[in-house]
Amino acid sequence: MSNIITIMRRDLTAYFLSPIGYIFMMVFLTLSVGLYITTFFAFPVADMRPYFEQLPLFLCVFIPAVTMRIWAEERKENTWEMLLTFPMKAWELVLGKFFAALVFFCLTLLGTVTIPMMLMSLGEPDMGVIWSAYFGTLLLGAFMLSLGILFSGFFKDQIVAFAVTLLTLFGFFLLGVQFFAAYLDDHVYDGFGSMLSNLMGFFAHYGPFTRGVIDFADVLYFVAWTVIFIVLNVLYIDGRNRPNAKTIFAGAMAMCIAIGLAFNWLMADFSLVRLDMTQDKIFTVSEASKSILSRPDAPVKVNLYITPEGDMPTAMKTLEQEITDKLEEMRLASGGKLDYSVVHMQVANVIADKQEPGEEEEEEKTEDMAVEKRMLDKGVEPFSVQAMGNDEVTNKLVYSSIGVGYKDKPEEIIPRIIPQVMPELEYKLVSTIYKLTRDKAPKVALVAPKEAMAIDPMVRRMMEQQGMQIPESDDPYIYLEQILQSEKYEVERVELTKESPLPAEYDTLVVVNPRSLNERQRWEIARALHAGKSVVLAVQEYAWDYQPSASGLRISRRDESPQINPLLEQYGLGVSEDVLMDENHVPLTIRGGSDPISQMFGQPVNLPMHILLSSSSMSQDTAITNRLSNVFYLWGTALNIDDAKLKELGLSDNVVMSTTPKAWSVENDTQLTQADFEAPADAARLKEYPLMAVIEGQFPDAFAGQERPAWPKPEDMQQPGFPPQPDEADTDPEPPAEPVEAKPGQLVLMGCSQMFRKEFLQAGNLDLFLNSVDAVTLDENLVHIRGQKMMDRTIDRPSDGQKTFWRFMNYALANVVIAGIGIGLAFFRRQSRNAYTMMQAR
């Protein structure tokens, strides 16, 4: 061991005796960290994955520069033979040089510590993912260093050693890239590129570390190849002067590489031990899933309907393995209450079954063809995905669906399982099982207005001439209805009028953007709350119209007039009518204006009413918001909450979403000026406003002691010269209201509904809507499961001072420290040399 340490200290000192080592470190840090910081402040997210995902490409250049001199310089300066005469074995020399290079690489990597420091200061990063990625980078660096040291021994010229190592590492990098694997699959034979990617490409083994997963199989990949390259280096150094050394080494090299490839092939489909380093264990079956999977009183049967691996596009060849791995985890977590099987299906069988009459067909269908036809009737259909073929991107039909069966109920189909939805697979399966095992499907009554469409007369005339149906209204909330239906909810869309009242039976009432509610509509909502129904209420007080023009941007406000406050005030609640603004806001792209560019691409409008809420503005104690990344709270207002009245009524409130502490409001009747859009200089005007709250308890009857309000009469349609319309109340009397039993209920109240319109329905807004409905209708466990995915940890907009400070820390601090150490050591060596010279002169 002492010999290894001696060589390690000798080589490590050599890195810092000349400016080359310092320059290598500074160039690497400037490029890798600088590229990350350049884009970071445009949309700050507390996540280092973008940095680690681009790092392998930098290492393909940096590592050869570090290793090119390790043996080549020894041979060039004729110190090679001297080393071999030392009382040291070849393996001690190789390990000493390897560990010296590894320590130098670790010191360089230490210079990137300013990034996690910045993320922890500005936001809340998942440190488990960061440590996992650093560990993976260390293994990748060791793998590259061992290969570079091996090649350095083959050549006297450092440049040649650098070039060969660079090309080899770049080859390993390309083999792990899906595009290159698809190219080989297309031009050599199908599956060739995928096989090489699994056996030799390091990117597929490095990727899990950047996501926070440490798989023992991936660790073994890097360790095995690192050991193989070190062993080959030892064999080369130990036997280079022996007879037939080249032949023996070539045979040993071929044998070691064959062993490595065979080992990778055996480990390709196995996951021995896996550590989930993520903060919320998102790659592990959650306790919420285990709880739900243990409830069925009969086994749940899951069928995976998928195209065989050989017929899949390159990017989806591992999809079956990934899905079955997840199903196996869930089978074990269910305690035997879930079983699964794989059914391979061929698209060609469906196409053959649908041939036109007159074409030759076999008299009897094969068994496979019968399976495809039967599944097609159940809703298992092939879908189109992009694939590489003949040097172009083509579309290919594949199967990848999951069927869930329980008892004698019809099999529920989860369609289109592709790699992009794998993080949501656990939720899709568990939520389907939960709803399938219920006695009846959960029902939602959805109240959301449709809007009249203004169609240009010329366009209307053209549509009429072509026999096209002219839409009379636009549905801005159609996606909410479709998404609830895709989540296996029974949805009934109502207008909350006499002609379209609430259904007799439902679980949850969802009211989005109510407009000019009358007394009867407020009575219906109050009755639902008093009867213990769950109500989700998204209120919009106003919206803004932007009109770009040559003279600038014209802004006008459009009042929505929800008229919901008279009811909410009975419970100590309300929705503020004041204009709400926040320093944490994002631009909105508006199309229009006088120039063609603005009309085609739009122009950004950055106003403080476009509020972006990050995870720091959301409660981490409730399932509705604790896994949301960000929410676009567009033109919303604050809530008015009277805690004293809520306490008096026995209601509990939980504010789950608020503005940042740097928000302000402007009174409703104020004529806005430019100064109103800027944060007030008086810090006392800046505060945190509640935006969303969950209220629980026994809601009182807001109309107690009053008659049920009648539905408003329709507008008088009487025309001149015609007799008056009869009174509708006389011809169609309404039956008396049935009494309801008072039960505790839940109200989810938010002061914004624009964020749920189809043009603004971003991922975070959609998750907020589904979480709210799931939490009050079904089980909070489902909300926890939906949150089991990587989230964008959006950071509140940093101040200019913070940006300047952290730019300096990342661009300059590490370089200044490295340069300072280098100059200090050089000065110390010079002083020592001068002192030695003076001593000798005496």
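Residues numbered from 1 in each chain as written. Predicted model: local features only at pLDDT ≥ 70, side-chain atom pairs only at ≥ 80, totals over all residues. Heavy atoms only, no water.

Student: Would you explain helix H21 (residues 478–486) in this entry?
Tutor: Within H21 the residues assigned to the buried category are Leu480, Glu481, Ile483 and Leu484. Buried residues of H21 fall within an arc of 165° about the axis and therefore sit on the same side. The inward-facing, buried residues of H21 abut strand E9 (443–447), strand E12 (490–494), strand E13 (508–512) and helix H27 (763–777). Positioned one or two residues after H21, lysine 488 has a phi angle of 70°, which is positive. (Buried < 20%, exposed > 50% of the residue type's maximum accessible area, 1.4 Å probe, protein only. Helix = DSSP H or I, 4+ residues; strand = E, 2+ residues; numbered from the N terminus. Arc of directions from axis to C-beta. Contact = heavy atoms within 4.5 Å.)

Student: Even after reading the chapter, I still don't get the packing of helix H2 (residues 19–40) against helix H3 (residues 49–67), so can you show me in this structure?
Tutor: For any two helices packed against each other, one specifies the crossing angle of their axes together with the interaxial distance. One way to put it is that H2 packs onto H3 with a least axis distance of 10 Å and a crossing angle of 160°. Classed by the angle they form, the pair H2 and H3 counts as roughly antiparallel. In the packing of H2 onto H3, the handedness of the crossing is right-handed. Contact residues: Phe24, Met25, Phe28, Leu31, Ser32, Val33, Leu35 and Tyr36 in H2; Pro50, Tyr51, Gln54, Leu55, Phe58, Leu59, Phe62, Ala65 and Val66 in H3. Residue classes in the contact of H2 with H3 are distributed as 15 nonpolar, 2 polar and no charged. (Axes fitted to C-alpha atoms, helices over the stretch in contact; angles between N-to-C directions. Parallel < 35°, antiparallel > 145°, perpendicular 65-115°, else oblique. Left-handed = near helix turned anticlockwise from the far one by under 90°. Nonpolar A, V, L, I, M, F, W, Y, C, P; charged D, E, K, R; others polar.)

Student: What is the right way to read the nonpolar core from this model?
Tutor: The nonpolar side chains of a soluble globular protein tend to be buried with one another. By size, the foremost hydrophobic cluster in this structure holds 81 residues, and its most contacted members are Phe143 and Phe202. The biggest single contributor to this core is helix H8 (residues 127–152), with 14 residues. Discounting chain neighbours no more than four positions away, the residues touching phenylalanine 202 are Pro56, Cys60, Leu140, Phe143, Met144, Leu169, Phe172, Phe173, Tyr221 and Phe222. One finds Ala538, Leu580, Val694 and Leu770 within the second-largest nonpolar core, a separate group that totals 80 residues. (Core = buried A, V, L, I, M, F, W, Y, C linked by side-chain atoms within 4.5 Å.)

Student: Would you mind showing me how to read the sheet that holds E12 here?
Tutor: Each strand in a sheet pairs with another by means of backbone hydrogen bonds, the pair being arranged parallel or else antiparallel. A sheet is described by the order of its strands in space; here 7 strands give the open sequence E12-E9-E13-E14-E27-E26-E24, paired in mixed fashion. At either end of the open sheet lies a strand with only one pairing partner, and these are E12 and strand E24 (652–658). Each strand axis lies, on average, 15° off the axis of its neighbour in the sheet, ignoring direction. The sheet strands contacting H27 are E9, E13, strand E14 (534–538), E24, strand E26 (690–697) and strand E27 (745–750), and the helix crosses E27 at an angle near 165°. (Pairing = 2+ DSSP bridges.)

Student: What is the right way to look at the pattern of salt bridges in this model?
Tutor: When the charged atoms of two side chains with opposite charge come close together, those side chains can pair. Overall, the coordinates contain 26 salt bridges when judged by the stated rule. Its salt-bridge partner being arginine 708, residue glutamate 734 comes within 3.8 Å of it at the nearest N-O pair. One end of the pair, glutamate 734, is in the loop between helix H26 (728–731) and E27; the other, arginine 708, is in the loop between E26 and H26, with 26 residues separating them in the sequence. It is possible to trace a salt-bridge network through shared partners that takes in Glu451, Arg515, Asp545, Arg558, Glu560, Arg757 and Glu759. (Salt bridge = Lys/Arg side-chain N within 4 Å of Asp/Glu carboxyl O.)

Student: Please explain the packing of H2 against helix H7 (residues 114–122) as it appears in this structure.
Tutor: For the pair H2 and H7, interaxial distance at closest approach is 12 Å and the crossing angle is 25°. With respect to their mutual orientation, H2 and H7 come out roughly parallel. Mapping the contact onto sequence places Val33, Tyr36, Ile37 and Phe40 in H2 and Ile115, Met118, Leu119 and Leu122 in H7. Partitioning the contact of H2 with H7 into residue classes produces 8 nonpolar, no polar and no charged.

Student: Even after reading the chapter, I still don't get a nonpolar patch on the surface, so can you show me in this structure?
Tutor: Judged by side-chain polarity, Val103, Leu107, Leu110, Val113, Met117 and Met120 come together as a nonpolar surface patch covering roughly 480 Å² of accessible area. Top contributing element to the nonpolar patch by residue count: helix H6 (residues 90–110), with 3 residues. Note on placement: methionine 120 falls in helix H7. (Patch = residues over 30% accessible without salt bridge, like charges linked within 9 Å, V, L, I, M, F, W, Y side chains within 5 Å. Areas by Shrake-Rupley, 256 points an atom, 1.4 Å probe, with all protein chains shown as cover.)

Student: What exactly am I supposed to notice about the side chain of serine 534 here?
Tutor: Tracing the sequence through the fold places serine 534 in strand E14. Separated by 2.8 Å, the side chain of serine 534 and the backbone oxygen of valine 776 make a polar contact. The contacts of serine 534, once residues within four sequence positions are left out, are Asp507, Thr508, Leu509, Gln746 and Val776. (Polar contact = N/O pair within 3.5 Å; in protein donor to acceptor, adjacent residues only side chain to side chain.)

Student: When you look at helix H9 (residues 158–175) in this model, what are you seeing that I'm missing?
Tutor: Working note: α-helix, 3.6 residues per turn, so residues spaced by three or four point in the same direction. The end-to-end C-alpha distance of H9, which contains 18 residues, comes to 26 Å, matching closely the 26 Å that a straight helix rising 1.5 Å per residue would cover. Turning to H9, its buried residues are Ala161, Thr165, Leu169, Phe172, Phe173 and Leu175. For H9, the arc enclosing every buried residue in end-on projection is 170°, short of the 170-degree limit, so these residues lie on one face. Along H9, the residues that are exposed and aim more than 90 degrees away from the buried face are Ile159 and Leu167. The N-terminus of H9 is capped by aspartate 157, whose side-chain oxygen sits 2.9 Å from the backbone nitrogen of isoleucine 159. (Expected span 1.5 Å × (residues − 1).)

Student: Hey, could you run me through the pairing of strand E18 (residues 579–582) in this one?
Tutor: The two faces of a sheet get side chains in turn, since along a regular strand they alternate between them. Of the two faces of E18, the one carrying Val579 and Met581 and the one carrying Leu580 and Asp582 are both buried. With 4 bridges joining them, E18 and strand E25 (residues 663–666) adopt antiparallel strand pairing. Opposite aspartate 582, over in E25, you have alanine 663 as the bridge partner.

Student: Explanation requested: the pairing of E27 in the structure shown.
Tutor: Within E27, 6 of the 6 residues are buried, which leaves the element mostly enclosed by the surrounding structure. Across 5 bridges, E14 lies against E27 in parallel orientation. Each bridged residue has a counterpart across the sheet, and for valine 536 the counterpart in E27 is valine 748.

Student: Sorry if this is basic, but what is going on with the environment of glutamate 481 here?
Tutor: Structurally, glutamate 481 can be placed in helix H21. For glutamate 481, a relative accessible area of 15% puts it in the buried group. Engagement of the side chain of glutamate 481 in a polar contact is seen with the side chain of arginine 493, the distance being 3.0 Å.

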